[in-house]
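Secondary and tertiary structure notes
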Amino acid sequence: MVNIVKHPPSRSARNPLLQCWKSHPLKLAITNTFWEYTERTKVSGMWLLRRNRTHGLSRLIWASVLVQLLGLSIYLTMLLWLKFYSYPILNTISNELSITDVAFPGVTICSPKTVNTERVQRYVRTLQIPSDYDVAEVAAGFEFLNAFTDQSFVPPAHESYKATDAVLRLNNVSIWEAAMAVSPGCADFVKRCFWGVGEFPCNQSHEYLSFIPTTAFLGPCCSFNYNPRNSSFLPFSANIFGMDGGLTFIGAEGSERNLNTGLIVLVHHPMDYVTEKAASVTITARSESFVEVSPTVQTSSTEVLELSERKRDCLTSDDVQLRNYRQAACLLACQTEAIGKRCGCHPYLLPTVSKKFKECSLNDTFCYAYNYDNFKSVRCDQCLPNCYDVTYSTLSYKTDLNLHSFSVSGFYKQETLNNDSFMLRVYLAKQVVPVIRKVTVMSWVGLLSDLGGIFNLCLGLSMISIVEFFYYCTYRLYVNYQQQKQLLVKHAWN
């Protein structure tokens, strides 16, 4: 009796799909292309995977080494790409620019008190007030002007603003004109002015050397080298520096009662509206204040300007098709738009950027005061910084004017100074200006060079090796596949 032993079917027999794949032309083409690639490529290490070069464990170890090196090269490539894409800009600092290439800063003097009661009384007498209005009530209504400048303003219990609004409309007087009339101005602050050692009339009609009435976040002010109402205004540059150069002026803290409680001097970019971000110095009577200004220029290389706006994080005038793009002006327009949408008007102290909204009246102070914090925190993501900009930092100190009683300088004559007088010097600190220049961390050429270094370090690859790899993965694979299909047809006929 013969015992018949039944052996279990082989793995290939149990899985017809696996058996079909082993004899599939595509699988045979991939195998032949791989062996052909190992025989002919010049890539370091691949020759150890040739058909008759290594076997078994040796082949497995060497294959794992190549796979790990390939993974390392891919990891380093991803790090390099993230560095190139996410942090493309580097700042460099140099002292290469002269002060003549940088605009002298704007200097704005403001009083912390917007409304002066004595000025109000005099101004009211110049207005035509109907007999049915109380003059005292009209004068009291000017107190509501403080709502535009005082963050902690609390509206008074009376409603005199209604009478004041009506009288101003009757006299065809705007809120801006009224605020300028009842607030301290240039004639109160500035008495004698000097540029370098030469004196000039403080309120003369001059393109550069003059003080003019302006407005800032503190209300009506007086400014030098800043003219927001002149669209063609271009600030001038200084060719002198140091304490004896720049702007010097002698002023008065107050010549009449209830005029001032000190003055605030703001140093800012001469093309920008004065906001809370401007460097400020408080000056008082019988003091000499020194404000040392240090400009810093921020610029961008040509390679940086070729990047997208969000990647370089700055804008030029050409990007927004404006004659002169300023981030401060963009933020101001955005804030004014928010005020207009909420209150239907724009405050007198902000430059008019659009004619869509009327000037705010005293009746609108309630809306403005109630939403003051919201207006100051408006987000304007479209207002990117300038690709070319100048910022001004200040260092200030003061001395007592009484210490100059025996000075031989003409600045300290007794007929020039009195108990309300002060002296202010604003000057550039150095002859050269530091430049912060944005440059690209690497260009496309640099990226390709670094990628080549990574793959050459890990696998000994070059550009021709990459071309060769894709050649075998595409054309040679296709040729071998066609050959295997022809062999399959030939075997079927046989």
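Scoring rules and cut-offs
Residues numbered from 1 in each chain as written. Predicted model: local features only at pLDDT ≥ 70, side-chain atom pairs only at ≥ 80, totals over all residues. Heavy atoms only, no water. Helix = DSSP H or I, 4+ residues; strand = E, 2+ residues; numbered from the N terminus. Buried < 20%, exposed > 50% of the residue type's maximum accessible area, 1.4 Å probe, protein only. Contact = heavy atoms within 4.5 Å. Axes fitted to C-alpha atoms, helices over the stretch in contact; angles between N-to-C directions. Parallel < 35°, antiparallel > 145°, perpendicular 65-115°, else oblique. Nonpolar A, V, L, I, M, F, W, Y, C, P; charged D, E, K, R; others polar. Disulfide = S-S within 2.5 Å. Core = buried A, V, L, I, M, F, W, Y, C linked by side-chain atoms within 4.5 Å. UniProt positions renumbered as here; feature names shortened; annotations may be inferred. Salt bridge = Lys/Arg side-chain N within 4 Å of Asp/Glu carboxyl O. Pairing = 2+ DSSP bridges.

**Comments concerning the environment of Ala-179**
Among the structural elements, Ala-179 can be located in helix α8 (residues 175-182). For Ala-179, a relative accessible area of 0% gives the class buried. Taking the C-alpha atoms as reference points, Ala-179 and Pro-220, separated by 41 residues in sequence, lie 6.9 Å from one another. Ignoring anything within four residues of it in the chain, the contact list for Ala-179 reads Leu-145, Pro-220 and Tyr-348.

**Some thoughts on the packing of helix α5 (residues 117-124) against α8**
Relative to each other, α5 and α8 sit at 120°, their axes nearing to 8 Å. Considered as vectors, α5 and α8 are oriented oblique to each other. Note on element contacts: α8 touches α5 through Ala-178, Ala-181 and Val-182, opposite Arg-119, Val-120 and Tyr-123. Split by residue class, the contact of α5 with α8 holds five nonpolar, no polar and one charged.

**Topic: the state of the cysteines**
Summed over the entire model, instances satisfying the criterion amount to eight disulfides. Shown here is the disulfide that connects Cys-193 with Cys-202, its sulfur atoms set 2.0 Å apart. Between Cys-193 and Cys-202, the disulfide has an S-S torsion of 120° and is therefore right-handed. When its relative accessible area of 0% is taken as the criterion, Cys-193 is described as buried. Given a relative accessible area of 7%, Cys-202 falls into the buried group.

**Some words on the nonpolar core**
Core analysis: the largest hydrophobic core is formed by 45 residues, its most contacted members being Tyr-123, Phe-142, Leu-145, Leu-168 and Leu-266. In this view, Leu-168 contacts Tyr-123, Leu-127, Phe-142, Val-173, Ile-175 and Ala-178; residues no more than four positions away in its chain are not counted. Listed in part, the 37 residues of the second largest apolar core include Cys-202, Phe-224, Ile-283 and Val-426.

**Observations concerning the UniProt feature "transmembrane region" (unreviewed entry) in the protein chain**
With numbering matched to this structure, UniProt assigns "transmembrane region" (unreviewed entry) to residues 60-82 and 451-473. Between the end C-alpha atoms of residues 60-82 the distance is 33 Å, and the span holds 100% helix and 0% strand. Between the end C-alpha atoms of residues 451-473 the distance is 21 Å, and the span holds 87% helix and 0% strand.

**Describing the pattern of salt bridges**
Overall, the coordinates contain 12 salt bridges when judged by the stated rule. Two residues, Arg-326 and Asp-272, come together in a salt bridge whose shortest N-O distance is 2.8 Å. Note that Arg-326 is positioned in the loop between α12 (317-320) and α13 (327-343) and Asp-272 in the loop between β8 (263-268) and β9 (279-283), a separation of 54 residues in sequence. Grouping residues by exposure puts Arg-326 and Asp-272 together as buried. Glu-337 serves as the salt-bridge partner of Lys-356, at 2.9 Å between the closest nitrogen and oxygen. Of this pair, Lys-356 sits in the loop between β11 (345-346) and β12 (358-359) while Glu-337 is found in helix α13, placing the two residues 19 residues apart along the sequence.

**Things to note about the sheet that holds β9**
What the five strands build is an open sheet, ordered β5-β6-β2-β8-β9; its pairing is antiparallel. If you trace the sheet from one side to the other, it starts and ends with β5 (211-216) and β9, each paired once. Across the sheet, the mean angle from the axis of one strand to that of its neighbour is 30°, orientation sign disregarded. As paired strands, β5 and strand β6 (residues 219-224) are joined by six bridges and run antiparallel to one another. Of the residues in β6, the one forming a bridge with Ala-216 is Gly-219. Lying over the sheet, α8 contacts β5 and β6, oriented at roughly 115° with respect to β5.

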